[in-house]
Amino acid sequence: IFKNAINSLSTLQIKIIMKKLLQIIITPTYTNHWSNDLLLAIPRIVGCYFLAKNFGGSKFPCPDWFIQDVAKFGGIFALFPAFFAWAAVLAETFGGALLVLGLGTRLAGFTVMCTMLVAIFFQKWGKEIWEMLPAFGFLWISIYAIVMGSGRFGLDHLISKKTLSVSSQTITND
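Anyway, here's the lowdown on the structure attached to this text. (Residues numbered from 1 in each chain as written. Predicted model: local features only at pLDDT ≥ 70, side-chain atom pairs only at ≥ 80, totals over all residues. Heavy atoms only, no water.)

### Things to note about the packing of helix α4 (residues 64–71) against helix α6 (residues 81–101)
Piece 1. Running from N to C, α4 and α6 cross one another at 115°; their axes reach a closest spacing of 8 Å. On the basis of the axis angle, α4 is roughly perpendicular to α6. Every pair of crossing elements has a handedness; the one defined by α4 and α6 is right-handed. Counting all contacts with α4, which are made through Phe66, Ile67, Val70 and Ala71, the residues of α6 involved are Pro81, Ala82, Phe84, Ala85, Ala88 and Val89.
Piece 2. Of the residues assigned to the contact of α4 with α6, the class counts are ten nonpolar, no polar and no charged. (Axes fitted to C-alpha atoms, helices over the stretch in contact; angles between N-to-C directions. Helix = DSSP H or I, 4+ residues; strand = E, 2+ residues; numbered from the N terminus. Parallel < 35°, antiparallel > 145°, perpendicular 65-115°, else oblique. Left-handed = near helix turned anticlockwise from the far one by under 90°. Contact = heavy atoms within 4.5 Å. Nonpolar A, V, L, I, M, F, W, Y, C, P; charged D, E, K, R; others polar.)

Given below as structure tokens:
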């Protein structure tokens, strides 16, 4: 049924659907003033700089100790530890860099969110709260990035402004 539905779509209809999907993913949500967007961008830019440089960058290329650590998580992680270790390193390094730039913010935020959830529940859970705080901090930043996008201070803003003729969402202070 799904295959027949796709086959019945014209090339123009597919382009329209893809453009709309891209617009949803890339178009940031804006606040009512640029200074609010700047204030909201600072944690994303600074936090994700540290994520990319200190957390992901320190594990790049993926070291053997990290692959062995991932294998200890058990389940599917034990079946493909190298794959999941590399996925985490790439999400932290390049996902963090993309979040700093505000490029593909929602998609990068999703990859970082998944990585941090695994880190919290499979690696850090049951340890002292201080060991969990960095992963929780990056988790909150990534959730914010998924919801809000880059705001005015990111490349997504410039791309959506130029190519997608944005009708932006605005958050107002009530």
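### Quick word on unusual backbone geometry
Piece 1. Between Phe60 and Pro61 the backbone carries a cis peptide bond, its omega angle lying at -5°.
Piece 2. With respect to the helices and strands, the residue Pro61 is situated in the loop between α3 (34–56) and α4.

### Concerning empty space enclosed by the protein
Piece 1. Tallied over the full model, the rule gives one cavity of 30 Å³ or more.
Piece 2. Counted as a void, the largest cavity has a volume near 40 Å³.
Piece 3. Lining of the largest cavity is provided by Thr29, Thr31, Asp37, Leu40, Ala41, Tyr144, Met148, Ser150 and Gly151.
Piece 4. Of all elements in the fold, only α3 and α8 (129–148) reach the threshold of two or more residues within the lining of the largest cavity.
Piece 5. Per element, the largest residue contribution to the lining of the largest cavity is three residues, and it comes from α3.
Piece 6. For the lining of the largest cavity, the per-class residue count stands at four nonpolar, four polar and one charged. (1 Å grid on protein atoms, 1.4 Å probe; cavity = no way out; pocket = protein on both sides within 12 Å on 5 of 7 lines; lining within 4 Å. Points joined across faces, edges and corners; volume = space filled by probe spheres on them.)

### What about the layout of surface pockets?
Piece 1. Here the largest pocket is characterised by a volume of approximately 480 Å³.
Piece 2. As for the largest pocket, its lining consists of 26 residues, of which Phe66, Ala88, Glu92, Thr115 and Ala119 are closest to the centre.
Piece 3. Among the secondary structure elements, those contributing two or more residues to the lining of the largest pocket are α4, α6, α7 (105–124) and α8.
Piece 4. Of all the elements, α7 adds the most residues to the lining of the largest pocket, at nine residues.
Piece 5. Taken together, the residues of the lining of the largest pocket sort by class into 18 nonpolar, three polar and five charged.

### Digging into the packing of aromatic side chains
Piece 1. Counted by the stated rule, this structure contains twelve aromatic pairs.
Piece 2. With a centroid separation of 5.7 Å and an interplanar angle of 70°, the aromatic rings of Trp65 and Phe66 are classed as edge-to-face.
Piece 3. Take Phe66: its relative accessible area is 6%, and that puts it in the buried class.
Piece 4. When the ring of Phe121 is compared with that of Trp125, the centres are 5.1 Å apart and the planes differ by 35°; the resulting orientation is tilted.
Piece 5. Exposure remark for Trp125: the relative accessible area of 53% places this residue in the exposed category.
Piece 6. Among the aromatic residues, ring-to-ring pairing joins Phe73, Phe77, Phe83, Phe84 and Phe122 into one connected group.
Piece 7. The ring of Phe66 carries Lys59 above its face, with NZ or CZ at 4.7 Å from the centroid. (Phe/Tyr/Trp six-rings, centres within 6.5 Å; stacked < 30°, edge-to-face > 60°. Buried < 20%, exposed > 50% of the residue type's maximum accessible area, 1.4 Å probe, protein only. Lys NZ or Arg CZ within 6 Å of the ring centre and 35° of its normal.)

Shape is all these values report; function is a separate question.
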